[in-house]
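Per-entry structural report
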Amino acid sequence: MRIISGSARGTRLAAVPPGVRPTSDRVRESLFNALGQFFDGGSVLDLYAGTGALGIEALSRGFGRATFVEKDGRAAAAIRENVRRTGVEDRAEIRRENVERALERLLEYGNTYNLIFMDPPYRIAPTEVEGVLSRLGALLAPGGRVVVERGDAPEEVLLGEKGVTRRYGGTLVTVFDRSDFMMNVAVCPGSFDPITVGHLDVIRRAAGVFDHVVVAVGANRVKNPRLSPESRVALVEKVVADLGNVSVEVMDGLLVEFARERGARVIVKGLRAVSDFNSEFEQAQLNQTLDPEVETMFIMASAKHSFLSSSAVREIASYGGDVSEFVPREILHTVIASYAGSQADTERRIKTESKG
Ligand code: PNS
């Protein structure tokens with residue numbers, strides 16, 4: 001194995017230690033051609049570095065600094081030998097530790113990189129690869145890229161099939177840019193006392209637009225809801241169980257703070273008739289004043305849900321009326337019982353049902 005191009009061009013690298021699967025010269029050459037031939041400064045992070053060939057190739061081609069992460073002792077020794085041979089020792093940092101631990105430290109230091117290589121051994125579980133990959137966005141400098149090398153038929157789908165993948169013989173190389181790591185998260189807030197088919201329609205449609213939706217169940221001390229926040233969360237969780245990108249949480253505090261803490265830049269609300277407008281306009285303006293970076297967006301209720309509300313469901317159920325058209329089937333029995341029996345009975349029932 002040799003360095004292909006740049007200041008250390010032609011330098012032969014040390015023998016590959018057992019158990020290390022190096023990136024072949026041919027793949028390395030094609031990969032760097034695809035990235036662009038020469039670089040002016042900037043830093044590179046080489047994870048599961050093996051012999052360090054990728055990071056050293058980057059240094060040879062003009063990168064300023066490289067950090068190599070490799071937990072295997074013999075491989076780390078080969079990297080040390082290779083940076084010496086290629087004359088890049090003073091620009092190289094070798095961290096002999098596990099990748100996850102190294103990432104924690106680098107994130108703590110606030111380091112950022114222009115290029116991150118990740119060539120995990122094939123024996124590493126796909127979930128671990130995805131877990132490591134999902135954290136790399138925070139380490140990328142503006143304009144930075146992440147390059148992942150994998151075997152021929154990878155079981156895992158990386159970052160929801162984002163990135164550009166090229167095949168070099170039996171090797172797949174995927175290049176991600178920074179935008180691939182930015183998830184569009186929205187918060188869908190409400191009292192959900194109880195959740196109705198109208199709410200569910202809005203949540204479902206939001207889940208089709210955003211990468212992730214967090215349903216925020218307001219603790220709402222002012223409104224004094226019939227069910228505890230935890231019980232309302234249990235009901236919402238039951239009806240969104242088939243939506244893989246929706247999570248449900250209690251919100252006890254300001255909505256804009258809740259959104260910020262979850263990395264959400266959008267609040268999604270459903271809008272029914274004109275009568276909703278004043279109150280929603282007021283809340284959106286208040287929230288915008290509290291945090292101008294969080295945007296409120298509205299999804300128009302379907303015509304068939306125009307006059308449906310949690311308060312109507314509560315009232316109809318309290319008189320023993322039929323609410324089967326208004327609440328999701330999975331929670332119908334609980335809702336009917338909740339607004340007829342005692343509050344204690346209701347809480348007990350919901351706890352038992354959410355366990356099963
Ligand atoms: O379903 P609802 O009752 O209309 O939901 C109201 C909710 C939970 C969205 C609202 O009460 C809320 O945002 N509560 C959090 C407290 C807050 O941020 N208040 C200031 C902005 S109005």
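Per chain, the residues get numbers from 1 upward, laid out in the order the sequence is written. In view of the model being predicted, local features appear only for residues whose pLDDT reaches at least 70, and side-chain atom pairs are presented and counted only at 80 or more, with totals across whole chains, interfaces and linings using the full set of residues. Excluding hydrogens and water, the side-chain values take into account all heavy atoms of the structure.

Below, the discussion takes up unusual backbone geometry. Across the junction of D193 and P194, the peptide omega takes the value 5 degrees, indicating a cis bond. A run of H or I in DSSP becomes a helix once it reaches four residues, and a run of E becomes a strand once it reaches two; helices and strands are each numbered from the N terminus. Checked against the element boundaries, P194 lands in the loop between β8 (185-190) and α6 (197-209). In this model, Y48 sits at a positive phi of 50 degrees, which is unusual for a non-glycine residue.

Among all positions in helix α4 (residues 99-109), only V99, A102, L103 and L106 are buried. Down the axis of α4, the buried set is contained in an arc of 100 degrees. They therefore lie on one face. The distance from a side-chain oxygen at the start of α4 to the backbone nitrogen of E100 is 2.8 Å, and the residue carrying that oxygen is N98. Once α4 finishes, G110 follows within two positions and takes phi at roughly 80 degrees, a positive value. Exposure categories follow from relative accessible area, calculated using a 1.4 Å probe and restricted to protein chains: below 20% of the type maximum is buried, above 50% is exposed, and the middle band is partly exposed. Each direction from the helix axis to a C-beta atom contributes to the arc, which is the arc of those directions. Residues adjacent in sequence count toward polar contacts only when both atoms are side-chain atoms; beyond that, a polar contact is any pair of N or O atoms within 3.5 Å, and within protein one must be able to donate a hydrogen and the other to accept it.

With that settled, the discussion passes to the pairing of strand β1 (residues 43-47). Of all five residues in β1, five are buried; the element is thus mostly enclosed. Because side chains alternate across β1, one face comprises the buried residues S43, L45 and L47, and the other comprises V44 and D46, equally buried. As judged from the five bridges shared by β1 and strand β2 (residues 65-69), these two strands associate in the parallel manner. Its bridge partner lying in β2, D46 is registered against F68. Between β1 and its parallel partner β2, the chain crosses via helix α2 (residues 53-60), and the hand of that crossover is right-handed. Only strands joined by at least two bridges in the DSSP assignment are considered to pair. We call a crossover right-handed when, viewed with the strands running away from us, the connection from the first strand over the helix to the second turns clockwise.

This part covers the pairing of strand β11 (residues 266-271). A regular strand places its side chains on the two faces of the sheet in alternate fashion. Burial analysis of β11 places five of its six residues in the buried class, which makes it a mostly covered element. Strand direction decides the pairing type here: β8 and β11, joined by two bridges, are parallel. Bridging across to β11, V187 finds its partner in I267. Looking at chain direction, β11 and strand β12 (residues 295-300) are connected through six bridges and run parallel. Residue pairing across strands places V268 opposite M297, the latter belonging to β12. What joins β11 to β12 is helix α9 (residues 277-290), and the crossover it makes is right-handed.

Attention shifts here to the site of the ligand. Lining the immediate environment of the ligand, one finds P189, G190, S191, N220, K223, M251, G253, L254, L255, K269, Q283 and N287. One of the side-chain N or O atoms of S191 is found 2.5 Å from an oxygen atom in the ligand. Between the ligand and L255 there is a distance of 2.8 Å, counted from an oxygen atom to a backbone nitrogen or oxygen. In isolation the ligand has 540 Å² of accessible area, and contact with the protein removes 74% of it. Note on terminology: near, applied to a residue and a molecule or strand, indicates that one of the residue's heavy atoms is within 4 Å of it. What sets the accessible areas is the Shrake-Rupley method with a 1.4 Å probe; for residues, cover comes only from the shown protein chains.

Our next topic: the sheet that holds strand β3 (residues 92-95). Paired through backbone hydrogen bonds, the strands of a sheet run either parallel or antiparallel to each other. Ordered by their spatial adjacency, seven strands build an open sheet running β3-β2-β1-β4-β5-β7-β6, and the pairing between neighbours is mixed. One side of each edge strand has no neighbouring strand; the edge strands of this open sheet are β3 and β6 (164-168). When the angles between neighbouring strand axes are averaged without regard to direction, this sheet yields 15 degrees. Residue contacts are counted whenever heavy atoms from the two residues lie within 4.5 Å of one another. Helix axes are fitted only over the stretch in contact, all axes being lines through C-alpha atoms; the angle between N-to-C directions runs from 0 to 180 degrees. Relative to the sheet, helix α5 (residues 126-135) contacts β1, β4 (113-118), β5 (140-150) and β7 (171-177), its axis offset from that of β4 by approximately 175 degrees.

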